[in-house]
Amino acid sequence: MSAPLTVTSLTAGYDQADVLHDVNLRAQAGQITCLLGANGSGKTTLIRTILNLTAPRAGRITLAQDDITGKPTHEIVAAGIACIPEGRKVFAKSTVEENLRLGAYAEEDKSAVIARMQRVFDIFPRLNERRTQLAGTMSGGEQAMVSIGRGLMAAPKVLLIDEPSLGLSPLFVQENFKVIQRINEQGVTVFLVEQNVRQTLKIAHYGYVLAQGRVVAEGNAAQLRRDEQVQAAYFG
Ligand SMILES: Nc1ncnc2c1ncn2[C@@H]1O[C@H](COP(=O)(O)OP(=O)(O)OP(=O)(O)O)[C@@H](O)[C@H]1O
Ligand SMILES: [Mg+2]
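Residues numbered from 1 in each chain as written. Chains lettered and ligands numbered in written order. Predicted model: local features only at pLDDT ≥ 70, side-chain atom pairs only at ≥ 80, totals over all residues.

**Here's the deal with the environment of aspartate 227**
So the rule is basically this: In this text, helices come from DSSP runs of H or I with a minimum length of four residues, and strands from runs of E with a minimum of two, each type numbered from the N-terminal end. Placing C-beta atoms from the backbone, we regard two residues as in contact once those atoms come within 7 Å.
Here aspartate 227 lies in the loop between helix H9 (221-226) and helix H10 (228-235). Considered as a pair, aspartate 227 and leucine 168 are 59 residues apart in the sequence and their alpha carbons are 27 Å apart. Here aspartate 227 is in contact with Val209, Ala217 and Gly219, once residues within four sequence places are set aside.

See the structure below:
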């Protein structure tokens, strides 16, 4: 059920200013593709533009053979793209279970929803234990599980993940990356935005580096580790 996501000559931004300039990249089907880049380089803007939360100004976005450029966000989600947003953003006053159900709001088949929730609980037994707890009262790491779980409830072909390790302890970061790897092994195409370069390059098959809204490097993990831009920015 995986599909490649392709971004071609994409330009986008806010008000008068372009943030992304002629961005070309591809998240290969069934792989983990990462997007590295410093604060303000345009990573979240790219995710927002893929989902048409920010309108593209030029260029094209395709999911497998489908041109999804400029489609309404709900149609893009229905086509198979789910997003785990920056800062996690759980529905604080809803329970864990309600949060998960919201991730599958478009699915009318109740048994499919139950099966998906069971799969989420297999990955995160803690969420099963806490299914009636209000998500806003969970720890930061637990909220990260809720937000990943909610993304999985859509049974996506492509999962966009925006800085999942931000603000988590090293142990939790590692756990999170293992989970992302496991999700990918189940056949989901993953597009992972991160600043934790070391951990990310351990799990990513391929990656891109964004600087001031432009792709300035790309390659597999070994190539990116050697890349001067990456070295300068992240490894000192
Ligand atoms: N809603 C907005 N309106 C106007 N400008 C914005 C908006 N959101 C982001 N920007 C600007 O776009 C640029 C890229 O921001 P973006 O959030 O995409 O960066 P990022 O790479 O995700 O950074 P970070 O690592 O800090 O999350 C920044 O200069 C930012 O100020
Ligand atoms: Mg961001």
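**Here's the deal with the environment of aspartate 162**
With respect to the element layout, aspartate 162 can be found in strand E7 (residues 158-162). For the pair aspartate 162 and phenylalanine 191, spaced 29 residues apart in sequence, the C-alpha to C-alpha distance is 8.6 Å. Setting aside residues up to four positions removed in sequence, aspartate 162 forms contacts with Thr44, Ile47, Ile84, Pro85, Glu86 and Val193.

**Notes on the nonpolar core**
Going by this rule: For the purposes of this analysis, a nonpolar core is taken to be any set of buried Ala, Val, Leu, Ile, Met, Phe, Trp, Tyr and Cys residues that are connected through C-beta atoms within 7 Å. Our exposure labels follow a C-beta count within 10 Å of each residue's own C-beta, placed from the backbone: buried means 20 or more other C-beta atoms, exposed means 12 or fewer, and partly exposed covers the counts in between. The source of the domain bounds is an automatic or database domain assignment.
In this structure, Val158, Leu159, Leu160, Val190 and Leu192 are the most contacted members of the largest nonpolar core, which totals 63 residues. Ranked by the residues each element gives to this core, the list is headed by helix H6 (residues 140-152), at five residues. Three or more residues apiece are contributed to this core by two domains, here domain 1 (5-80 + 156-235) and domain 2 (91-155). For valine 190, the contacting residues outside a window of four places in its chain are Ile32, Leu159, Ile161, Ile180, Ile183 and Asn184.

**Notes on the confidence of the model for the chain**
Stated precisely, the cut-off is as follows: pLDDT measures the predictor's confidence residue by residue and takes values from 0 up to 100.
Per-residue confidence for the chain averages 93 on the pLDDT scale, and 98% of its residues sit at or above 70. The lowest-confidence element of the chain is H10, averaging 71 in pLDDT; the highest-confidence one is strand E1 (residues 5-14), averaging 98.

**A closer look at the pairing of strand E6 (residues 81-84)**
Each regular strand displays side chains that alternate between the two surfaces of the sheet. Quick note on the threshold: Paired strands, in this sense, are two strands between which DSSP finds at least two bridges.
Burial along E6 is two-sided: the face carrying Ile81 and Cys83 and the face carrying Ala82 and Ile84 are both buried. The pairing of E6 with E7 spans four bridges and is classified as parallel. Across the sheet, isoleucine 81 pairs through a bridge with valine 158, a residue of E7.

**Let's talk about the site of ligand 1**
Rules: Nearness rests on one distance test: the residue's C-beta atom, set from the backbone, must lie within 6 Å of the molecule or strand. Each residue is assigned to one class: nonpolar for Ala, Val, Leu, Ile, Met, Phe, Trp, Tyr, Cys and Pro, charged for Asp, Glu, Lys and Arg, and polar for all the others, Gly among them.
As a structural note, the neighbourhood of ligand 1 is formed by Tyr14, Val19, Gly37, Asn39, Gly40, Ser41, Gly42, Lys43, Thr44, Thr45 and Glu86. In terms of residue count, the dominant contributor to the shell around ligand 1 is helix H1 (residues 43-50) (three residues). Of the residues belonging to the shell around ligand 1, the class tally is two nonpolar, seven polar and two charged.

**Examining the environment of lysine 178**
Relative to the elements of secondary structure, lysine 178 occurs in helix H7 (residues 170-185). You can call lysine 178 exposed: it has 12 C-beta atoms within 10 Å. Spatially, the C-alpha atoms of lysine 178 and leucine 63 are 25 Å apart, while their sequence positions differ by 115 residues.

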